[in-house]
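Residues per chain, in single letters:
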Amino acid sequence: MGLNFAVMRERIGQWSHLIPEGTGDIVVLLVQLFIALTLIGWAYNRGFRPTERGPVVRLPLLTLAFGLSLLVRHIHSELWQPIMIAAAMIIAGLFDRSGNGRGMGIPLMIIASLLGLGFVLSALALTAVAVLVYMFSPVSKR
Amino acid sequence: MRKGKRNRPNIQAWLFALAIPAVAFFMVFSLMPYDRMVSQWPWGIGQGEVMAYQHLFDRRPGQHVEGKAEVYTLVPNGQGQLTLKAEEDEASVTQVELPVNGSTLAAAGSFLLETPEDRPFRGATALAFVPADLHSLEVLYAQAVADSLQIEAPATTLVQLERDGKAAGPYLVQERITPQYVLKHALVAMALVGEDGTVAPDDRITTAAGDTIGTAASGSLMRGERFDTTATAALGLLVCAEQRTDLLDGAAGAMYDRVTRAITPLYRMRFGKAEGESESAVSTAFREALSTDVTQQRIARLAEHLRADSAAWAARFLAIDSAAVPVLAKGRNIGLVQAEVDRTRERFLQRLFHPATASFIGPATDAPQQPSITLDPWLVQFRTNPDTLRFVRGKYDIDHDLVLPAGMAVVLERGARWFMAPGVSVVLNGELHMRGTDLNPVFIRPQVDGQPWGSIAVNGNGKTRVRLRGMRISGGSDLWAHGVRHGGMLSFIRADVRMDNCSIAESYGDAAVSARRGSFAMADCYVTGSRHGFIDLAEVNGSVERTGFGQPSRGEDAAARSGLSMRASHILIRGCTFADLPFTAVRASRSSEALVLASKFSGNAIAITALDGSSVDVDGCDFTGNAKVFVLRRDQAVLGGATLKLYANTLTGNGTEREVDAASKVEAGTTVDPTLLRTFQLQAGR
C-alpha cells in the first residue's frame, strides 16, 4: 500500500496550528547548540584517557547555554543583554574549575550568545576554532 | 596513575586553530558564486552576517562601483542649529529624533530635520533621513508602486549626505507627513488624523446656526468601514510587498475627508524595524478595514493588474537599479552587488504580484453592510418613475427634513413652489433638475420670513447632474448632515452643476451657493443679499459668466467674506459685475487658477485677492472706485506666493492699486496666452 502524501500533509496541517509560533526557530537553536557542544565535547575529550573522559554532551552546560541564548534572543535591552552574557561567562568560568583543568564552558557561552544574537556563521567559526584549539593543545598527564 | 589535566592552549594551537577556519572562509567566500552567496542560507544564517564575512574574506579580483547622487550638506550654523544645503537651496534646520510608532526601533543613524514653518526647505518643513544601503532598493521600488496607485505618499530621494565636511554616506530623504504636507498635497477638506484618532475641528467661516441632520459623531470616527477601499487596498498591497508590520499598525497615519467622512490611509517609507504590534485608534480600524473580504479581493485585483504589466514593472525597477545601485553599492564588488540586487528585485516582484494577504494580513472577514435610506412616505405621491420624484406646478410645504435614497432624482417643473419650514433641509443623493422659465420660475422660499430654513444639498458621485434654470431662491442657511458640512443654501458635493437665469437672494449660511469637487457653470444669474459669502467653490472646474453680485444691506465679519471664493479651483470669470461689495469681490486661494475677462468691479472694498500659490489672469476688465484693486499675499509658506498677470484693463479712481507681499508677483502682458485660454476651453479672440 503506497503512502498518501496529500492526506499526510492535510493531517499535519490540521495539527501544526497547535504548535506555538516560533517553536521551529527554538528547536533549530537547540539543535545548533547541541551540535556545537557535541563537537567541542568530542575535541575536549581527546587526549584524556578513556577512563578520564567525561560525557561528550554535558547536559548542565547545554541547559545553561540554551537558557542564555533564549534570553539573549528575546531581551533586546542594551543594558540587560551584556549583563546577562557577562553573568553567564562568570558562572561558566566557575563551573570550569573542575578536576580536568580548563573546561569548555566559556567558549560554549560565547557560542550560545552568538547564536542568540543571530550570528550563526560567527558561532560556526568559533566552534571550529574551539574544536581545533582543543585538538591541538595537549593534556598534561600527571 | 595520575589524572590528566588541560593546560592553557599554546601558541601553536591558537595559530593553527585560527588559521585553518580563516583559510576555509577565504576559500569559501572567494570561490562561491555570488548568486549562491546572496541566496537563502541554511540554519538561519542571515544575509547581513554573510555580507560581513564576504567583505572580510572575499579577495577575488573584480570591478568596484561608485555612483553619484545629489549632495546634501549639513553644517552647524553657530546658533545651536544646522544649515542644510543642496545645490542652490538652503535652510536653517533643527535636528531631532525620528519619531516612530510604539513598536518600532528607529534605524541607527536616522534623524529628522525640522525647519521653521515660514521658511521651508524645498517646500517641506520636516525631512526624515534614513541611512541607505542595498536593502533600500525595496523602498524605492515600493515608492514607484505607490506613485502608480491611488495613495498619498511623500516622494523619496536618494542623496549623499555630508556632515561637517565629512561624507556620511547615502541616505534616503522623505518629507514627513505633517499638517503642512497635507495642506500642500491633499484635497482642501482633508485633515490629518491624530494618534488618538481625532481630527482638528473644521475652520468654519461663520457661526450661523443652520440645520443639522443626524449627529457628527455617530459612533467613533475611526471605524473600519470608513476607510477608503481603494487607498486601503493600495496600502495593503504595499504592506504585503514590503512585509511591513509597522504599516499594518498605521505607522504612516491617515487623513480624514470632511466632505465624504472617508478615512484615507497614507504611505511612507520604513523608518526602522518593527518589533511587534502596536495598538492605536488608527491601527485597530485599519486592520479591521484590511481584513474585509472586499478589501482583500481588491488587493488581489490590484496585484493582478500590476502582474499583467509585469515586463514594464521589471523594466521600471531596472531603471531604478541603474540609477541607485552605484550610490548604494558603496564601492563593493559589482558582481556581488548585481547578484544581491537581482535577488532583491525578484523577491519584491514575487511579493508584489502574489501578495500573501491571508498569511500576512489575516483571514478575510465579511464586510459590514451599509444601511440603505428608505423613501420618505410623503414623497411617494411624487414618484413618477422608480428613480424620479416630479413636482409639477403648485405649492408644496416642506415641513420636515427629507433625505432621499441614492440614485433618486428630483425634478421641479416650471411653476413649482417649495416653501421651506424653519431649519428644514432636503438632502439628495441623486440628480436635481429645476425647469423654471422667466414667466413661471421655480420658487424656493422660507415659510416664515426672517427664520431661515437649512439647505438643499446634493451628494453626488462625480457625474451627478444638477441643472437649475429659472430658479428664485431665498431664505436658506446651511446644513450639517451626519457630520458633513454643506456650507451653503444650495450645496453641491461631487456634482456636475449648471445654473442659468437664476436669482439667489438673502441667505444666512456660510455661502449662498457652495460647490465642492465637481464642475460648476453659472450664467446669467444674479446673487444678492447674502449675510456671509456669496459663492464658495472648492476643487471645482468651471465658469461664472454674465452674473451680477450685488451689495447686501446687512452682514458682518467683512474681512473673511467674498463675492466669489475659490479654493484649489480652476474658474473662468467672464462678463460679470461686482458692485459695491464691502468685502473682497473675487478671492482665489490654495493654488487656484482664475481667468477674469471683461468684468466690472466698482465700489468694492477689494476687487481681487490672490493667495497661496494662486494664479489670476485679468484682461479687459474695468476697475472703478474700489478701495483696493489687487491684493496678493502668502498666508501658508508651503504653498508659496500668488501670481497676477495683467493685460489690457482700465483702472479709474481706485484707492490702492496693488498690495503685494515679497513672495508674490505681478506680471504684465499684451495678450493672454492661447495655451492658457485652451485650459479654460476658450479660443483666441474668445
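Caption draft 1: Structural context of the overall build of chain A. A count of helices and strands for chain A gives six helices and one strand. What you see in chain A, going N to C, is helices and strands ordered as α-α-α-α-α-α-β. A buried classification covers 32% of the 142 residues belonging to chain A. For chain A, restricting intrachain contacts to residue pairs at least 6 apart in sequence, the fraction spanning at least 24 positions comes to 58%.

Caption draft 2: The overall build of chain B, seen in detail. What chain B contains, in helices and strands, is 13 helices and 47 strands. Projected onto the principal axes, the alpha-carbon positions of chain B cover approximately 125 × 60 × 45 Å. Evaluated residue by residue, chain B yields a buried proportion of 42% over its 686 residues. Pairs at least 24 apart in sequence give 64% of the contacts found in chain B among residues at least 6 apart.

Caption draft 3: Structural detail: the sheet that holds strand β31 (residues 526-527) of chain B. Residues and elements named next belong to chain B. Read from one edge to the other, the open sheet built from eleven strands follows the order β17-β20-β23-β25-β29-β31-β33-β36-β39-β42-β45, with strand pairing classed as parallel. The open sheet has two free edges, formed respectively by β17 (394-398) and β45 (650-652), since each of these has just one partner strand. Relative to β45, strand β42 (residues 622-624) is paired through three bridges, and the arrangement is parallel. Bridge assignment links D622 to a residue of β45, and that residue is T650.

Caption draft 4: Fine view of the nonpolar core. Among the nonpolar cores identified, the biggest contains 89 residues, and B:A512, B:I573, B:A585, B:V596 and B:I608 are the most heavily contacted of them. B:L161, B:V282, B:W313 and B:V327 belong to the second-largest nonpolar core, a separate cluster that totals 80 residues.

Caption draft 5: Representation of the packing of helix α6 (residues 120-136) of chain A against helix α1 (residues 11-31) of chain B. Two elements in contact, α6(A) and α1(B), have axes whose closest approach is 8 Å; the angle formed by their N-to-C orientations is 145°. For the pair α6(A) and α1(B), the sense of crossing is right-handed. Where α6(A) approaches α1(B), its residues A:A125, A:A128, A:V129, A:L132, A:V133 and A:F136 are matched on the opposing element by B:Q12, B:A13, B:W14, B:F16, B:A17, B:L18, B:I20 and B:P21. Class assignment for the residues of the contact of α6(A) with α1(B) results in 13 nonpolar, one polar and no charged.

Caption draft 6: Looking closely at the packing of α1(B) against helix α3 (residues 47-57) of chain B. Residue and element names in this part refer to chain B. At a minimum axis separation of 9 Å, α1 and α3 run at an interaxial angle of 100°. As far as their axial angle goes, α3 and α1 are roughly perpendicular. For the pair α1 and α3, the contacting residues are F25, F26, F29 and S30 in the first and Y53, Q54 and F57 in the second. Broken down by class, the residue content of the contact of α1 with α3 amounts to five nonpolar, two polar and no charged.

Caption draft 7: Quick look at the confidence of the model for chain B. Averaged over all residues, the pLDDT of chain B equals 88, while 94% of them reach at least 70. Overall fold confidence (pTM) sits at 0.74, and the ipTM for the predicted complex is 0.84.

Caption draft 8: A look at the environment of B:A495. Residues and elements named next belong to chain B. As for its placement among the helices and strands, A495 is situated in strand β28 (residues 490-500). Taking C-alpha positions, A495 is 5.0 Å from G518, a pair spaced 23 residues apart along the chain. Here A495 is in contact with V458, G460, T464, V466 and G518, once residues within four sequence places are set aside.

Caption draft 9: View of the pairing of strand β8 (residues 156-163) of chain B. All names here are of chain B. Of the strand pairs in this sheet, strand β2 (residues 70-76) and β8 are connected by five bridges, and their pairing is parallel. Bridging across to β8, T73 finds its partner in E162. Inspection of the sheet shows β8 paired to strand β9 (residues 166-175) by eight bridges, in the antiparallel sense. Its bridge partner being in β9, T157 is matched across the sheet by V173. If you look at the hairpin formed by β8 and β9, you'll find two residues sitting between the two strands, and D164 has a positive phi there, around 50°.

Caption draft 10: Representation of unusual backbone geometry within the structure. All names here are of chain B. The backbone of D524 shows a phi angle near 55°, a positive value even though the residue is not glycine. A residue is classified by how many C-beta atoms lie within 10 Å of it, and D524, with 14 of them, is partly exposed. Phi angles above zero are rare outside glycine, and D612 is one such case at about 50°. Looking at where D612 falls in the secondary structure, it is placed in the loop between β40 (606-611) and β41 (615-619).

Caption draft 11: The environment of B:M408, seen in detail. Examined against the element boundaries, B:M408 turns out to sit in the loop between β18 (402-406) and β19 (409-413). For B:M408, the contacting residues outside a window of four places in its chain are B:D387, B:L389, B:N429 and B:G430.

Caption draft 12: Structural detail: the pairing of strand β43 (residues 628-633) of chain B. Residue and element names in this part refer to chain B. Here β40 runs beside β43; their pairing, made up of five bridges, is parallel. Among the inter-strand pairings, I608 is bridged to a residue of β43, identified as F630. Direction of pairing for β43 relative to strand β46 (residues 656-660): parallel, over a ladder of four bridges. Following the sheet pairing, L632 is matched in β46 by V660.

Each value, and the rule that gives it
Residues numbered from 1 in each chain as written. Chains lettered and ligands numbered in written order. Predicted model: local features only at pLDDT ≥ 70, side-chain atom pairs only at ≥ 80, totals over all residues. Helix = DSSP H or I, 4+ residues; strand = E, 2+ residues; numbered from the N terminus. Buried ≥ 20, exposed ≤ 12 C-beta atoms within 10 Å, placed from the backbone. Contact = placed C-beta atoms within 7 Å. Pairing = 2+ DSSP bridges. Core = buried A, V, L, I, M, F, W, Y, C linked by C-beta atoms within 7 Å. Axes fitted to C-alpha atoms, helices over the stretch in contact; angles between N-to-C directions. Left-handed = near helix turned anticlockwise from the far one by under 90°. Nonpolar A, V, L, I, M, F, W, Y, C, P; charged D, E, K, R; others polar. Parallel < 35°, antiparallel > 145°, perpendicular 65-115°, else oblique. pLDDT = per-residue confidence, 0-100.

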